Amino acid sequence: MKEITSECQSPYRLWSPQQNIKVQNGIGIGGMMACLVRVLNNCLWFKVYNEEQNGIGIRGIKATSSMDFGDCLSHGEFMVNTNRGIWALAPSRLGLKIIVARGCYLNHVIGEASRDLVWLRWFDMGQRDLQSVIPFKKLRALELYENWSLENHQLQELWVAECDAPLQLRELIISYCQEFRGFPKSIGHLKQLKKIVLDSTDRLESLPKEFCLLHSLELLELNLCTGLLSLPDSMGNLRNLRHLSLGGCRKLGRLPDSCKELRLLQHLNLSNCPSLTFRADIMENMSKLEYLSFTGCYQLEELPRHITNQASLRELYLEHMWNLREVPVKIDQLSKLQKLCVGGDLLTTLPASLGDLSSLTTLEITNSTSMECLPDSLGRLSLLERLEIDVGSEIFTRIN
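Here's what I pulled together on the structure shown here.

### With respect to the pattern of salt bridges
Once their charged atoms are close, side chains differing in charge can pair, the charge on each being opposite to the other.
Right, on to step 1. Counted according to the given criterion, the structure contains 15 salt bridges.
Right, on to step 2. Note that Arg-128 and Glu-157 form a salt bridge whose closest N and O atoms lie 2.7 Å from each other. On the criterion of sequence distance, the pair formed by Arg-128 in the loop between strand E7 (119–123) and strand E8 (141–145) and Glu-157 in the loop between E8 and strand E9 (171–175) is long-range, its members being 29 residues apart.
Right, on to step 3. Classification of Arg-128 by relative accessible area gives partly exposed; the value is 43%.
Right, on to step 4. Residue classification places Glu-157 among the partly exposed positions, given a relative accessible area of 26%.
Right, on to step 5. One salt bridge in this structure joins Glu-179 and Arg-203, with 3.4 Å as the shortest N-O distance. Here Arg-203 lies in the loop between strand E10 (195–201) and strand E11 (219–225) and Glu-179 lies in the loop between E9 and E10, a separation of 24 residues in the sequence.
Right, on to step 6. By sharing partners, the salt bridges in this structure join Arg-254, Asp-257, Lys-260, Arg-279, Asp-281 and Glu-284 into a single network.

Written as structure tokens, this is what we have:
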């Protein structure tokens, strides 16, 4: 089994497929279903599902083969008889290490079948917390998803007791869990955690200060956390952070001053944070940025002082910045910039140095109703493939 490393972009890359899972299905009297599954490698990918057959509700485990997840982890067989929703597990305990499941019925079998669980992806779990459901000891990747279209969003917290903290965890994804209220203080004990993705929650207001003890963290996404008010003052302690996304955190008031110490940051997304402010020198020590977005940051009147020092920057988004009055004159120092999107009601002109962006392939000027003229130097953009200009009633698009 491979370790989760910075070169790996998602859990899909953890295990490569080798052999298929063989499945034999039999339909018994009254529509009862039994599945006999032989696991040929180290792990089983199965789904917990609900079906209607002959008018009888069936709950079962459905085994599948997948090129994404590969085949699974230890030899053995098990039988699941779904007799009107009653589970029966064969005597052999599989020691499953990878599980993908849907629905709240997983907790009937997970303890028996997965004491060595390494990776769990669970949809519509229907649990308030994970206290008695998941064996955390060896867990490395945990993904929890709720259905955004359903009203019954139950997950509010993760493990409750400090002793339950999954100390081996590398990746944590929590999506559309709208009632999720926050991370436990013991999150700071997860010294190997590299990736956290949390999106679409209304109840999260802050992060515990222990969050900033995650010195191995490389990717942090807190997108559409619409109730988030603040971040810990010690955010700068996340020295290995390379990817930070706070898109859609509409109540977030200020980026902590210590964020200027995030020297390895390559991706910074602050889009649609209309209340956000930060110190002028917030980017003083950042030199590796490749992606930067301030789109929808209505409060900002000027860009960070050191934005033109980002020699590696390839994409820059400055749209819907209603209080922005000017684009930096030295923007031509962004020699690797390939895409620039800019727009705001108070922008009246753009600097002539814009024409010296020698790597620029896409330029979009949108929602700039006060724009009086465009620099003639745009004609020097020899690599430009797409030009879109929207200045109120005038819309012009050119695609090479």
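### Things to note about the pairing of strand E16 (residues 339–342)
Right, on to step 1. When strand E15 (residues 315–318) meets E16, the two strands line up parallel, connected through four bridges. Bridge assignment links Leu-318 to a residue of E16, and that residue is Val-342.
Right, on to step 2. Looking at chain direction, E16 and strand E17 (residues 362–365) are connected through four bridges and run parallel. Each residue of the ladder has a partner; that of Cys-341, found in E17, is Glu-364.

### Looking at the environment of Tyr-317
Right, on to step 1. Its location among the elements puts Tyr-317 in strand E15.
Right, on to step 2. Assessed through its relative accessible area of 12%, Tyr-317 is described here as buried.
Right, on to step 3. Taking the C-alpha atoms as reference, Tyr-317 lies 8.1 Å from Lys-339; in sequence the two are 22 residues apart.
Right, on to step 4. Residues in contact with Tyr-317, not counting those within four places in the same chain, are Tyr-291, Leu-292, Ser-293, Phe-294, Thr-295, Lys-339 and Cys-341.

Definitions and cut-offs
Residues numbered from 1 in each chain as written. Predicted model: local features only at pLDDT ≥ 70, side-chain atom pairs only at ≥ 80, totals over all residues. Heavy atoms only, no water. Salt bridge = Lys/Arg side-chain N within 4 Å of Asp/Glu carboxyl O. Helix = DSSP H or I, 4+ residues; strand = E, 2+ residues; numbered from the N terminus. Buried < 20%, exposed > 50% of the residue type's maximum accessible area, 1.4 Å probe, protein only. Pairing = 2+ DSSP bridges. Contact = heavy atoms within 4.5 Å.

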